[in-house]
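Per-entry structural report
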Number of protein chains: 2
Amino acid sequence: MNEFRRLGILGGMGPLATLDLQQKILAATPANRDQDHVPVVVWNVPQIADRQHALAGLGPSPLPQLLDAIKGLNQAGVSHIALPCNTAHYWYDELAAASAAPLLHIADITTQAMTEESLRPSTIGLIATQGTLTANWYQQRFSQAGIGVVIPTPDELAQWFVPGCYAVKRGDIRGGGLLLDLLADRLASRGAQKLVLACTEVPPALEAINSKYLPDSIDPTTALAKTCVKMWQQSQQSATGLMY
Amino acid sequence: MNEFRRLGILGGMGPLATLDLQQKILAATPANRDQDHVPVVVWNVPQIADRQHALAGLGPSPLPQLLDAIKGLNQAGVSHIALPCNTAHYWYDELAAASAAPLLHIADITTQAMTEESLRPSTIGLIATQGTLTANWYQQRFSQAGIGVVIPTPDELAQWFVPGCYAVKRGDIRGGGLLLDLLADRLASRGAQKLVLACTEVPPALEAINSKYLPDSIDPTTALAKTCVKMWQQSQQSATGLMY
């Protein structure tokens, strides 16, 4: 893989999730001074067609705006791109093909983090958009790792997930958290031992209400952040000299 | 002034202060959905020569790296640039001259916010780097507005301010807050009725310890955030149609 020089974040989906990734990168970085932190260029331009609507056939594709962001980030000299929106990975192949900088795949990184855990669950509950569930990224990877998956029903998505996410997007983070916590209750009642919070609006919402499910959750945003920090540190160790 | 299309943030000084501005923009935005939020491109590349060292004659100038960021943000199509680092405004004229997108000046915006307050203080305490104090931006503007200014002594800067800021930069936000709070005590004891937190590391540090000085503080980062949101909203109102 390319040398890690500068991280691009293709954000805006939503703006809060984009900040959440940046915060988690900062929190995961052992630093003594400004210059030790991961260099990041963030494209947090949320004027992108709605991903859930597009995948439901109810609106235009976000692909043209996503490609603009890929172009802008590459022009800004990034060596790798993180995409803190699970649903937007639907367009992963087109975006990767258009980008000189490789795109990190959030489901690969999350599965890797899960398999490194000392106590692997036998069944996980997957909180995600209909688009992410249909795409089957997480279920397929977890199944290959021998882990069972419980997913929300269409009714549960409509009742708790969709209004919970859209509450976060309009800035009602606690209100969103309360709705998403009810969905977590349902998955736990069906046997989920751990939850995978596979929509980037979900972790900050559950954190805002200090949900009882957080200690038993796997947060793909945190996994992505830790991977970026690890790549940055490895590149610094392999550098022969310090510039600053 | 230019139409406001997309905000550039010239960040990295430090990385936490850059996140703090983004958070304050999000918090100040009345939004119903992702697409209502301010479009932002963030250059959070902290591999920049230390500003305080440069101004003290102890290290190289950060100007070349700042100019790189200005170039990158202009290439990314930003219409305006915010600089969430007071000290870096020392290079404001050179950066503004190199940028097609106008640079917002944090001291102008803070003075404007101060003069709009219903209860204007007769004396403010200015918490800032030696570079910002020497540059005289804030003292000059407040004096023109008829407001007296109390500043830290060199000893107070060395004892509390400098170690407080560098603690924040290495991620010890609460530790930094406790030191900066001691400096606030000194300025209050010399007659400051309100504090101006004119170093962007200071507001998140005092927020982390829930300092008793926060209700009587003026936060230039918040003033900058509110100005950006207001400009974005005005540009949206003047637009003839919605794209999304």
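Residues numbered from 1 in each chain as written. Chains lettered and ligands numbered in written order. Predicted model: local features only at pLDDT ≥ 70, side-chain atom pairs only at ≥ 80, totals over all residues. Heavy atoms only, no water.

**Some thoughts on the sheet that holds strand β2 (residues 40-44) of chain A**
Here is the rule we go by: Here, a strand pair is defined by DSSP locating no fewer than two bridges between the strands. Each helix corresponds to a stretch of at least 4 residues labelled H or I by DSSP, and each strand to a stretch of at least 2 residues labelled E; elements are numbered beginning at the N terminus. Helix axes use the C-alpha atoms of the stretch in contact, all axes being lines fitted to C-alpha atoms, and the angles between their N-to-C directions lie in the range 0 to 180 degrees. The contact criterion used is simple: two residues touch if any of their non-hydrogen atoms lie within 4.5 Å.
With respect to topology, six strands assemble into an open sheet ordered β3(A)-β1(A)-β2(A)-β2(B)-β1(B)-β3(B), the strand pairing being mixed. Lying at the two open borders of the sheet, with one neighbouring strand each, are β3 (80-82) of chain A together with β3 (80-82) of chain B. Neighbour to neighbour, the strand axes of the sheet diverge by 20° on average, direction disregarded. Here five bridges tie β2(A) to strand β2 (residues 40-44) of chain B, and the two strands are oriented antiparallel to one another. Residue pairing across strands places A:Val42 opposite B:Val42, the latter belonging to β2(B). Relative to the sheet, helix α3 (residues 63-75) of chain A contacts β1 (7-10), β2 and β3 of chain A, its axis offset from that of β1(A) by approximately 165°.

**Describing the domain arrangement of chain A**
Residue and element names in this part refer to chain A. The criterion, for reference: Domain limits in this description derive from either an automatic procedure or a database domain assignment. What counts as buried area is the accessible surface, traced by a 1.4 Å probe, that two parts surrender upon association, with contributions from both included.
On domain assignment, one finds that chain A holds domain 1 (7-105 + 222-240) and domain 2 (107-220). Computed from C-alpha coordinates alone, the two centres of domain 1 and domain 2 are separated by 20 Å. Contacts between domain 1 and domain 2 engage 23 residues on the former and 26 residues on the latter. Between domain 1 and domain 2, a total of about 1,900 Å² is buried, with carbon and sulfur atoms accounting for 52% of that surface.

**Thoughts on the relation of the copies chain B and chain A**
Going by this rule: Least-squares superposition of the copies uses the C-alpha atoms of those residues scoring a pLDDT of at least 70 in each of them.
Overlaying chain B on chain A yields an RMSD of 0.0 Å, the required transformation being a rotation through 180° with an accompanying axial translation of 0.0 Å. Viewed as a symmetry operation, the transformation between the two copies matches a two-fold axis. Among all C-alpha atoms of chain B, that of B:Val42 lies closest to the rotation axis, at 2.4 Å. A share of 100% of the interface residues of chain B reappears at the interface of chain A, consistent with the copies meeting face to face through the same patch.

**Description of the side chain of B:Thr200**
Residues and elements named next belong to chain B. Here is the rule we go by: Throughout this description, a polar contact denotes any pair of N or O atoms lying within 3.5 Å of each other; where both atoms belong to protein, one of them has to be capable of donating a hydrogen while the other can accept it, and for residues adjacent in sequence the pair is counted only when both atoms sit in side chains.
In this fold, Thr-200 is placed in the loop between β6 (194-197) and α10 (202-208). From its side chain, Thr-200 meets the backbone oxygen of Pro-84 in a polar contact 2.8 Å long. For Thr-200, the contacting residues outside a window of four places in its chain are Met-13, Ala-17, Pro-84, Cys-85, Asn-86, Ile-106 and Thr-221.

**Here's the deal with helix α11 (residues 220-238) of chain B**
Residue and element names in this part refer to chain B. Just so we agree on the cut-off: Each residue after the first adds 1.5 Å to the expected span of a helix. For every residue, the accessible area obtained with a 1.4 Å probe (protein chains only) is divided by the maximum for its type, and the residue is called buried under 20%, exposed over 50%, and partly exposed between those limits.
With 19 residues, α11 ought to run about 27 Å at 1.5 Å a step, and its terminal C-alpha atoms sit 27 Å apart, in line with that. Every buried residue of α11 is listed here: Pro-220, Thr-221, Ala-223, Leu-224, Ala-225, Cys-228, Val-229, Met-231, Trp-232 and Ser-235. Of the residues flanking the start of α11, the one acting as N-cap is Asp-219, its side-chain oxygen 2.8 Å from the backbone nitrogen of Thr-221.

**Concerning the interface of chain B and chain A**
For clarity, the threshold we go by: Salt bridges are defined as contacts in which a side-chain nitrogen from Lys or Arg sits within 4 Å of a carboxyl oxygen from Asp or Glu.
At the junction of the two partners, chain B supplies 38 residues and chain A supplies 38 residues. Summing both partners gives a buried area of about 3,100 Å² for chain B against chain A, and 54% of it is carried by carbon and sulfur. For the pair chain B and chain A, the interface holds four salt bridges. Going through the elements one at a time, α1 (15-27), β2 and α3 (63-75) of chain B are the ones with two or more residues in the side of chain B that touches chain A. The biggest single contributor to the side of chain B that touches chain A is α1(B), with six residues.

**Regarding the pattern of salt bridges**
Residues and elements named next belong to chain A. Overall, the coordinates contain 22 salt bridges over all chains when judged by the stated rule. The closest approach of N and O atoms between Arg-141 and Asp-108, which form a salt bridge, is 2.7 Å. Residue Arg-141 is found in helix α7 (residues 137-144), and its partner Asp-108 is found in helix α5 (residues 106-115); the two are separated by 33 residues along the sequence. Classification of Arg-141 by relative accessible area gives buried; the value is 18%. Salt-bridge contacts for Glu-201 lead to Lys-169; the nearest nitrogen and oxygen are separated by 2.4 Å. With Glu-201 in the loop between β6 (194-197) and α10 (202-208) and Lys-169 in helix α8 (residues 154-169), the pair connects residues that are 32 residues apart, well separated along the chain. Look at the salt bridges and you will find they share partners, linking Asp-20, Lys-24, Glu-207 and Asp-219 into a network.

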